[in-house]
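Okay, here's what each chain looks like letter by letter:
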Amino acid sequence: SSPDGLPVQRSAEGAGISVPELGLSWYFGGHLDMHTTPGWSNQVARVYLKSLLEFTHPGYINPGVDSLRSTGAGNEGAYRNITEGGIQDEAGFSERADGVLVFVPGWGPSGILLGLGGGTVTNQDTEADFSSMSTIDVYDIESSTWYHQETTGKAPGVRVNPCAVIFSAADASSFNIYMYGGQNLLPVAGQTQYTDMWILTVPSFTWIKVDLDADGEPPARAGHTCHARDG
């Protein structure tokens, strides 16, 4: 990692997740522009990020940081820039904002993170590059390493601003990740919001489209969150 004491740049529209049982939180992607960074010229285009920033909660150890392997983080916690650690390289995710990050426990010693959705808009909001839903970005927490995982089944269309929540089988042998809604950013004057529901099964990494009851289907939406009820 980079030396400590370096400022953390504030970015917008990245994906964040906190895992209290590990004492860790992460923030990935997002963008920097004149709305996030003091002194940024309105003549300078927005910059999209492909960084993964890790935060160790106060009092927790972190095997990935030399100074935290035997002593817990101080009262203000500790940041680690995974991108600058040199182990992301080309296996990491592409620049993106407006994606989601999902924690899957029980796979690998410390679990994994899945990066779903997100993208970039360039050339005066006329061109976009979206993250593929057919290849999922998987981050192994224990080794601080990114992997690409191909999926099976018909994948959902590319999108930004969906929500996702995870449910476990009773014996924790498999997990279902429910992804709902989101939007296509183009064309800018006519962005399309979705109302579809998809399930990504782990460890098979198979996409399944859910047949929703049209009578009870809520309106399309994006930029929302999902939360599990009763586990």
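Student: How should the state of the cysteines be read in this particular structure?
Tutor: Where two cysteines share a covalent bond between their sulfur atoms, that bond is called a disulfide. The final tally for this structure, using the stated rule, is one disulfide. One disulfide bridge connects Cys163 with Cys226, the sulfur atoms lying 1.6 Å from each other. A residue pair is termed long-range when its members are at least 10 positions apart, and Cys163 in strand S13 (residues 163-168) and Cys226 in the segment after strand S18 (206-209) qualify at 63 residues.

Student: Got a minute to help me understand the nonpolar core in this structure?
Tutor: The tendency in soluble globular proteins is for nonpolar side chains to be buried as a group. The biggest cluster of nonpolar side chains holds 18 residues, and the ones touching the most others in it are Leu114, Leu116, Ile136, Ile177 and Leu200. At the level of secondary structure, the elements contributing two or more residues to this core comprise strand S7 (100-104), strand S8 (112-116), strand S11 (135-140), strand S14 (175-180) and strand S17 (197-202). With residues near it in sequence (within four places) discarded, Ile177 still touches Val102, Val104, Leu114, Leu116, Ala164, Val165, Ile166, Trp198, Ile199, Leu200 and Val202. In this structure, Ala15, Ile17, Leu101 and Leu113 belong to the second largest nonpolar core, which totals 14 residues.

Student: I keep staring at the packing of aromatic side chains and nothing clicks. Help me out?
Tutor: The relative placement of two aromatic rings is captured by the distance of their centres and the angle of their planes. Counting across every chain of the model gives four aromatic pairs. Ring centres of Phe55 and Tyr79 lie 4.9 Å apart, and the angle between their planes is 50°; this geometry places the pair in the tilted category. Here the residue Phe55 occupies a position in strand S5 (residues 52-56), and Tyr79 occupies one in strand S6 (residues 78-81), the gap between them amounting to 24 residues. Plain terms: the ring middles of Tyr139 and Trp146 are 5.1 Å apart, the flat faces sit at 50° to each other, and that makes the pair tilted. Residue Tyr139 is classed as buried on the basis of its relative accessible area, which comes to 0%.

Student: Could you clarify how one ought to interpret the sheet that holds S11 in this entry?
Tutor: The strands making up a sheet associate through hydrogen bonds between their backbones, and the pairing can be parallel or antiparallel. Spatial ordering of the open sheet is given by S7-S8-S11-S12, a layout of four strands whose pairing is antiparallel. Edge positions in the sheet fall to S7 and strand S12 (145-150), since each has one partner strand and no second. Each strand axis lies, on average, 30° off the axis of its neighbour in the sheet, ignoring direction. Here five bridges tie S7 to S8, and the two strands are oriented antiparallel to one another. Paired with Phe103 across the two strands is Leu113, which belongs to S8.

Student: Sorry if this is basic, but what is going on with the environment of Ser70 here?
Tutor: Within the element layout of this structure, Ser70 appears in the loop between S5 and S6. Each C-alpha atom of the pair Ser70 and Tyr60 lies 9.4 Å from the other, and the pair is 10 residues apart in sequence.

Student: Looking at this structure, how should I read the side chain of Asp137?
Tutor: Along the chain, the position of Asp137 falls in strand S11. With relative accessibility at 5%, the residue Asp137 sits in the buried group. Within the structure, Asp137 has its side chain in polar contact with the side chain of Arg96 (distance 2.4 Å). Here the side chain of Asp137 touches His148 through a polar contact of 3.0 Å, side chain to side chain.

Rules used throughout
Residues numbered from 1 in each chain as written. Predicted model: local features only at pLDDT ≥ 70, side-chain atom pairs only at ≥ 80, totals over all residues. Heavy atoms only, no water. Disulfide = S-S within 2.5 Å. Helix = DSSP H or I, 4+ residues; strand = E, 2+ residues; numbered from the N terminus. Core = buried A, V, L, I, M, F, W, Y, C linked by side-chain atoms within 4.5 Å. Buried < 20%, exposed > 50% of the residue type's maximum accessible area, 1.4 Å probe, protein only. Contact = heavy atoms within 4.5 Å. Phe/Tyr/Trp six-rings, centres within 6.5 Å; stacked < 30°, edge-to-face > 60°. Pairing = 2+ DSSP bridges. Axes fitted to C-alpha atoms, helices over the stretch in contact; angles between N-to-C directions. Polar contact = N/O pair within 3.5 Å; in protein donor to acceptor, adjacent residues only side chain to side chain.

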